[in-house]
Amino acid sequence: MPYLILGEDAPGSLEARLAARPDHLARLQALQAEGRLLLAGPCPAIDSPDPGPAGFSGSLIVAEFSSLTEAQAWADADPYVAAGVYTAVMVKPFRKVLPA
């Protein structure tokens, strides 16, 4: 089943985000290689695809996991959590309706 993972960035965490990004992306690429990643990306802190020094306000991931427990454990092990980028991470079951 798909799960939505929404991480909220700490203020001033851009430097930590950039440092942890390669490890964060490697985990997402592993999900993609397994065919489990539906959607992933950051939320710019300003209305721009490249926010520059304004950074990001968080990230959204939608991926397949066998249970909420597995999705939560995966989210808890994210390098952005370890680096202090995320101040909070929400994990919820997700039901895709559109596009069909």
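The residue count restarts for each chain, going from 1 along the sequence in the order it is written. Given that this is a predicted model, residues contribute local features only at a pLDDT of at least 70 and side-chain atom pairs are listed and counted only at 80 or more, while totals for whole chains, interfaces and linings are drawn from all residues. Think of the side-chain values as coming from all heavy atoms in the structure, minus any hydrogens and water.

Colleague: Mind showing me how you'd approach the sheet that holds strand β4 (residues 86-93) here?
Modeller: Either a parallel or an antiparallel arrangement is found when strands of a sheet pair, and the pairing is made through backbone hydrogen bonds. Any two strands with at least two DSSP bridges between them are considered paired. Secondary structure follows DSSP: runs of H or I at least 4 residues long count as helices, runs of E at least 2 residues long count as strands, and numbering of each begins at the N terminus. Spatially, β2-β3-β1-β4 is the arrangement adopted by the four strands of the open sheet, whose pairing is antiparallel. Edge strands, defined here as strands with exactly one partner in the open sheet, are β2 (37-44) and β4. Strand after strand, the sheet turns through a mean of 10° between neighbouring axes, direction not considered. A contact between two residues is defined here by any heavy atoms of the two lying within 4.5 Å. Between N-to-C directions, angles cover 0 to 180 degrees, with each direction set by a line fitted to C-alpha atoms, over the stretch in contact for helices. Packed on one face of the sheet, helix α1 (residues 14-33) meets β1 (2-9), β2, β3 (56-64) and β4 and runs near 10° to β3.

Colleague: Looking at this structure, how should I read the layout of surface pockets?
Modeller: Over the atoms, a rolled probe matching the size of one water molecule traces out where space is still vacant. Note on definitions: the grid is 1 Å and covers protein atoms alone; a cavity is a set of points where a 1.4 Å probe fits but cannot get out; a pocket is an open set with protein on both sides within 12 Å along at least five of seven lines; lining residues have an atom within 4 Å of a point. Grid points are joined across faces, edges and corners, and a volume is the space filled by probe spheres set on the points. In this structure, the largest pocket spans a volume of roughly 200 Å³. In this structure, the largest pocket is lined by 14 residues; those nearest its centre are Arg-17, Arg-21, Leu-25, Pro-42 and Tyr-80. Only α1, β2 and β3 provide two or more residues apiece to the lining of the largest pocket. For this scheme, ten residues count as nonpolar: Ala, Val, Leu, Ile, Met, Phe, Trp, Tyr, Cys and Pro. Four count as charged, namely Asp, Glu, Lys and Arg, and the remainder, Gly too, count as polar. Looking at the lining of the largest pocket residue by residue, the class counts come to nine nonpolar, three polar and two charged.

Colleague: What should I look at first to understand helix α2 (residues 68-76) in this one?
Modeller: The periodicity of an α-helix, 3.6 residues per turn, causes residues three or four positions apart to be oriented the same way. Per-residue accessibility, obtained with a 1.4 Å probe over protein chains only, is compared with the maximum for each type, and a residue is labelled buried under 20%, exposed over 50%, and partly exposed between these values. Inspection of α2 places Ala-71, Trp-74 and Ala-75 among the buried residues, and these make up the whole buried set. For α2, the angular spread of buried residues about the axis comes to 100°, placing them on one side. Packing partners of the buried residues in α2 comprise β1, α1, β3, α3 (79-82) and β4. It is the directions from the helix axis to the C-beta atoms that the arc portrays.

Colleague: When you look at the pattern of salt bridges in this model, what are you seeing that I'm missing?
Modeller: Oppositely charged side chains are able to pair whenever their charged atoms sit close together. Every case where a carboxyl oxygen of Asp or Glu lies within 4 Å of a side-chain nitrogen of Lys or Arg is listed as a salt bridge. Within the structure shown, the criterion is met by four salt bridges. The partner of Asp-78 in a salt bridge is Arg-27, and the shortest N-O contact between them spans 3.7 Å. Placement of the pair is Asp-78 in the loop between α2 and α3 and Arg-27 in helix α1, with a sequence separation of 51 residues. For the pair Asp-78 and Arg-27, one class covers both residues: buried. When the shortest N-O distance is used, the salt bridge between Glu-34 and Arg-36 registers 2.6 Å. Judged by its relative accessible area of 22%, Arg-36 falls in the partly exposed class. It is possible to trace a salt-bridge network through shared partners that takes in Glu-34, Arg-36 and Glu-70.

Colleague: Help me understand unusual backbone geometry, please; the structure alone is not making it clear to me.
Modeller: Leave glycine aside and you will find that most residues have negative phi; peptide bonds, for their part, are mostly trans. In this model, Leu-98 is joined to Pro-99 through a cis peptide bond whose omega is -5°. For Pro-99, the location among the structural elements is in the segment after β4.

No statement about biological role is implied by the geometric values presented.
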